[in-house]
Every structure is written in structure tokens, then in C-alpha cells.
Amino acid sequence: MELVNQNIALREDRNLLVIAHLTQYLDFITGFGGLIVPLVLWLTMKDSVIGMDEHGKAIINFQLSLILYIIIGIPAILLFGLGIVLLIFTGMLSLIMPIVNAVKASNGEAPSYFGTIKFIS
């Protein structure tokens, strides 16, 4: 019979939480890295870093919400140009919210992304 230690030591790593928020800017460089890199960080570190589960879920929900807004906004351009407003709003959110939440993560606060749909709870 083999005993497995289920008690994993959690560590506090605010720098990793900040990096997880700032990796969303990879979308502007690669076009898709802003979802994949935080997803990998969240899946690999959620059980070993305090707060990573909460911050990772917030980042993934935010990125999925942005993708949904873009998918809705592109065809909505034909509807009196309302899609342009939605795309501008989405662009502003994608620039501002990662910085705001990176600062919150460095201060030990909970993340809060405006306009996020909770896909993962």
C-alpha cells in the first residue's frame, strides 16, 4: 500500500499573479497568446500558488468575454455602426483592465474585470 501526501504546500507569489495578468498583452503581439499563456499558468499553478485559482479564472473569463464581444461586434458593424462602438469598447477594456488587475494582484487584492461574463466559476 502506497501513501500519497495530499498536503501540497501553498506559496504566496504575487509576482506570478502580476505576470499572469500582464501576459494578456500577448494578444497584441501574437494574436492569441493572451488566452493560452494565462490558461497554462492557471492550470499548472492553481494548486501551488495562493490566489492563482481566483486570478486565473478571472483572466480566462475576461479573455473569453473579449472574444465573444469581438465575434458579436464584427457583424454588428452592419447594424448602424453599433459594432464599431462595441469594438472600441472591447479594445479599451483589453488595454486598461489587465494593468488595473495587475496592480490589484501586486497589492494582494481580488481581481475584478469590468464587463466579464462568468464562463468558469
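These numbers were taken from a predicted model, which means no experiment stands behind them.

Parameters at a glance
- Residues numbered from 1 in each chain as written.
- Predicted model: local features only at pLDDT ≥ 70, side-chain atom pairs only at ≥ 80, totals over all residues.
- Heavy atoms only, no water.
- Phe/Tyr/Trp six-rings, centres within 6.5 Å; stacked < 30°, edge-to-face > 60°.
- Helix = DSSP H or I, 4+ residues; strand = E, 2+ residues; numbered from the N terminus.
- Buried < 20%, exposed > 50% of the residue type's maximum accessible area, 1.4 Å probe, protein only.
- Lys NZ or Arg CZ within 6 Å of the ring centre and 35° of its normal.

Engineer: Account for the packing of aromatic side chains, with residues named and values stated.
Structural biologist: Inspection of the entire model under this criterion finds three aromatic pairs. A ring pair is formed by Phe-62 and Tyr-113, whose centres lie 4.4 Å apart and whose planes are at 20°; its orientation type is stacked. With a gap of 51 residues between them, Phe-62 in helix H4 (residues 52-76) and Tyr-113 in the segment after helix H5 (82-106) connect regions that are remote in the sequence. Comparing Phe-62 with Tyr-113, the two get one shared label, buried. Here the aromatic rings of Phe-89 and Phe-114 are separated by 6.1 Å at their centres, their planes lie at 80°, and the arrangement is edge-to-face. Here the residue Phe-89 occupies a position in helix H5, and Phe-114 occupies one in the segment after H5, the gap between them amounting to 25 residues. Seen from the ring of Trp-42, Lys-46 lies directly overhead, with NZ or CZ sitting 5.0 Å from the centre.

In short, geometric facts, not functional conclusions.
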